[in-house]
Amino acid sequence: MILVTGGAGYIGSHAVLELLNSGYEVVVIDNLSNGALESIERVERITNKKVIFEHGDIRDSAFLKYIFSKYAILSVMHFAGLKAVSESVSSPLQYYDVNVTGTLELIKAMSTAGINKIVFSSSATVYGEAATVPYVESMPRGQSANPYGASKGMVEQIFTDLARADERWSIVLLRYFNPIGAHESGDIGEDPKGVPNNLMPYISQVAVGIREKLTIFGNDYPTRDGTCERDYLHVSDLAEGHVLSLSMLKTPGLYTFNLGTGKPISVLEMVLAFQRVAKVELKYEFGKRRDGDLPAFWADASKAKELLGWEAKRDLAAMIKDTWNWQSKNPNGYNS
Ligand code: NAD
Ligand code: UFG
């Protein structure tokens, strides 16, 4: 049985779906601060399989003790956390509390229960501002521009020290690039609360008429068309990468993988592709640069291909088609 923390969130729910389809039994814990119970119910409907759900917080040691004593858990996928970069700047303590203290509580509860296999949701942000592209796992972590990124780097350091100190642990750090898209059913997807911070949910809310227009943050970057370039990958590819990464847990040690396509796409290219694929018009304007944005970064994803047999299979058109399918079927997300 696999414990999935944050399994009611965007990426976690897609991972739960792929785990069930691969034959795993799953227990989800989530405090629903940014997730939806409805996503779990829909995963059950899509897969025709049951998910055990327990409502609780990863910072609550008594709750974690109860979970590990009640269920025969073999390994953990740890998605639970806070992820809004700008919010992390205004509320740094909250971010360190959930992302760092929460992870420490989880590790302590796992240790007590004798469970030492974990896959962690890290981010390309840990490479820092000075790294050269494409990002390769062998590069050192860099300085992060915000508390969110710093919290991911701290957790990676904690896991690195733990693997060094205790040879029983098997730890996989998955560094996601920019996950977008939704399950091909259009029944689960990204459902941000309030105004979206990220590009793809913002575009799809403009497309569906919830927002008037997209502001493209900066068109004077040293890139092909002046707008920022990112490595967008389909969330279902990302979820499949998680399932494949479980094979690494058989051998103790610390393993780090980039999960991305290796192909940068600019903001403007994304907007034009969205219009073409979804056959909708998007109103957009060019605005000022957003603080802390890097001009361009993308993955060298060859290590995941070599060791996990993982490669992003879905192209940009599929990412857009599935985003639009989810958004148009559920204009107000899980509250539609
Ligand atoms: P999400 O907010 O949709 O999912 C996170 C889930 O964790 C939510 O369901 C939330 O309710 C739950 N949660 C938050 N704090 C909790 C707590 N204290 N106890 C229990 N549950 C809690 O975010 P997501 O996009 O699915 O991201 C999942 C993970 O991947 C996060 O750790 C995030 O930092 C990481 N990540 C995301 C991206 C991205 O672009 N979405 C990129 C890199 C890394
Ligand atoms: N963008 C716009 N307009 C918007 C939203 C975004 O032009 O309304 C642009 C951004 O400026 C950026 C690109 O679209 O150039 C992608 O922005 P996102 O916010 O979707 O993604 P980021 O690459 O900025 O953020 C990602 C992850 C974070 C992580 C960060 C580190 O979502 O978790 O990379 O660089 F911390």
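It should be noted that the structure appears before, not after, this text.
Cut-off values and rules
Residues numbered from 1 in each chain as written. Chains lettered and ligands numbered in written order. Predicted model: local features only at pLDDT ≥ 70, side-chain atom pairs only at ≥ 80, totals over all residues. Heavy atoms only, no water. Helix = DSSP H or I, 4+ residues; strand = E, 2+ residues; numbered from the N terminus. Contact = heavy atoms within 4.5 Å. Core = buried A, V, L, I, M, F, W, Y, C linked by side-chain atoms within 4.5 Å. Buried < 20%, exposed > 50% of the residue type's maximum accessible area, 1.4 Å probe, protein only. Near = heavy atom within 4 Å. Areas by Shrake-Rupley, 256 points an atom, 1.4 Å probe, with all protein chains shown as cover. Nonpolar A, V, L, I, M, F, W, Y, C, P; charged D, E, K, R; others polar. 1 Å grid on protein atoms, 1.4 Å probe; cavity = no way out; pocket = protein on both sides within 12 Å on 5 of 7 lines; lining within 4 Å. Points joined across faces, edges and corners; volume = space filled by probe spheres on them. Expected span 1.5 Å × (residues − 1). Salt bridge = Lys/Arg side-chain N within 4 Å of Asp/Glu carboxyl O. Pairing = 2+ DSSP bridges. Axes fitted to C-alpha atoms, helices over the stretch in contact; angles between N-to-C directions. Polar contact = N/O pair within 3.5 Å; in protein donor to acceptor, adjacent residues only side chain to side chain.

Points about the environment of Ile 115
Now for step 1: Tracing the chain through its elements places Ile 115 in the loop between helix H5 (92–113) and strand E5 (117–123).
Now for step 2: For Ile 115 and Tyr 96, which are 19 residues apart along the polypeptide, the C-alpha to C-alpha distance reads 24 Å.
Now for step 3: Once residues within four sequence positions are removed from consideration, Ile 115 is found in contact with Phe 68, Ile 73, Leu 74, Ser 75, Met 110 and Trp 169.

Examining the nonpolar core
Now for step 1: Counting residues in each nonpolar core, the largest one holds 40 residues, and the members touching the most others are Val 4, Val 16, Leu 19, Val 26, Met 77, Val 172 and Phe 257.
Now for step 2: Only strand E1 (2–5), helix H1 (10–21), strand E2 (26–30), helix H2 (37–47), strand E6 (170–176), helix H8 (235–245), strand E11 (253–259) and helix H10 (302–308) provide two or more residues apiece to this core.
Now for step 3: When residues in this core are grouped by element, the largest group, 7 residues, is from H1.
Now for step 4: Setting aside residues up to four positions removed in sequence, Leu 19 forms contacts with Ile 2, Val 4, Tyr 24, Val 26, Met 77, Val 243 and Leu 246.
Now for step 5: Core analysis: the next-biggest nonpolar cluster, separate from the first, contains 27 residues, Leu 64, Val 155, Leu 162 and Leu 173 among them.

Points about the site of ligand 1
Now for step 1: Neighbouring ligand 1 are 27 residues, the closest being Ile 11, Asp 30, Asn 34, Lys 83 and Tyr 148.
Now for step 2: Contact with the protein chains hides 95% of the accessible area of ligand 1, taken as 820 Å² for the molecule alone.
Now for step 3: For the shell around ligand 1, the secondary structure elements donating two or more residues are H1, E5 and helix H6 (147–165).
Now for step 4: Looking at the shell around ligand 1, the element that brings in the most residues is E5, giving 3 residues.
Now for step 5: A per-class count over the shell around ligand 1 returns 11 nonpolar, 11 polar and 5 charged.

Thoughts on the layout of surface pockets
Take a probe with the size of a water molecule and roll it over the atoms, and the empty space left behind shows itself.
Now for step 1: Of the voids in this model, the second largest pocket is the one considered here, and its volume is about 230 Å³.
Now for step 2: Lining the second largest pocket are 16 residues; nearest its centre among them are Thr 261, Lys 263, Ala 312, Arg 314 and Met 319.
Now for step 3: Residue assignment for the lining of the second largest pocket shows that the elements contributing at least two residues are H10 and helix H11 (316–329).
Now for step 4: In terms of residue class, the lining of the second largest pocket is made up of 7 nonpolar, 3 polar and 6 charged.

Quick look at H11
Now for step 1: Between its first and last C-alpha, H11 extends 20 Å over 14 residues, near the 20 Å set by a 1.5 Å rise per residue.
Now for step 2: Of all the positions in H11, only Met 319, Ile 320, Asp 322, Thr 323, Trp 324, Trp 326 and Gln 327 are classed as buried.
Now for step 3: Against H2, strand E7 (178–180), helix H7 (199–208), strand E10 (232–234) and helix H9 (267–278) lie the buried residues of H11.

A short note on the pattern of salt bridges
Now for step 1: If you walk through the whole model with that rule in mind, you get 25 salt bridges.
Now for step 2: For Arg 168, the salt bridge identified is with Asp 166, shortest N-O distance 2.8 Å.
Now for step 3: Residue class for Arg 168 comes out exposed when judged on its relative accessible area of 57%.
Now for step 4: When its relative accessible area of 18% is taken as the criterion, Asp 166 is described as buried.
Now for step 5: Residue Arg 224 is joined to Glu 229 by a salt bridge in which the shortest nitrogen-to-oxygen separation is 3.8 Å.
Now for step 6: Exposure remark for Arg 224: the relative accessible area of 54% places this residue in the exposed category.
Now for step 7: Classification of Glu 229 as buried rests on a relative accessible area of 6%.

Re the sheet that holds E5
Now for step 1: Sheet architecture is open: 7 strands sit in the order E3-E2-E1-E4-E5-E6-E11, paired in parallel fashion. Each edge of the open sheet carries a strand with a single partner, namely strand E3 (52–55) and E11. Each strand of the sheet is rotated relative to its neighbour by a mean of 20°, with strand direction disregarded.
Now for step 2: When E6 meets E11, the two strands line up parallel, connected through 7 bridges.

Thoughts on the site of ligand 2
Now for step 1: Of all residues adjacent to ligand 2, which total 20 residues, the nearest are Leu 199, Thr 215, Arg 230, Arg 290 and Asp 293.
Now for step 2: Leu 199 is positioned with one of its backbone polar atoms (N or O) 2.8 Å from an oxygen atom of ligand 2.
Now for step 3: Arg 290 places a side-chain nitrogen or oxygen 2.8 Å from an oxygen atom of ligand 2.
Now for step 4: When ligand 2 is considered free in solution it has 690 Å² of accessible area, and contact with the protein chains removes 89% of it.
Now for step 5: Where the shell around ligand 2 is concerned, the elements lending two or more residues are H7 and strand E8 (214–217).
Now for step 6: Ranked by residue count, the leading element in the shell around ligand 2 is E8, at 4 residues.

Read these as layout, nothing more, since geometry by itself doesn't imply function.
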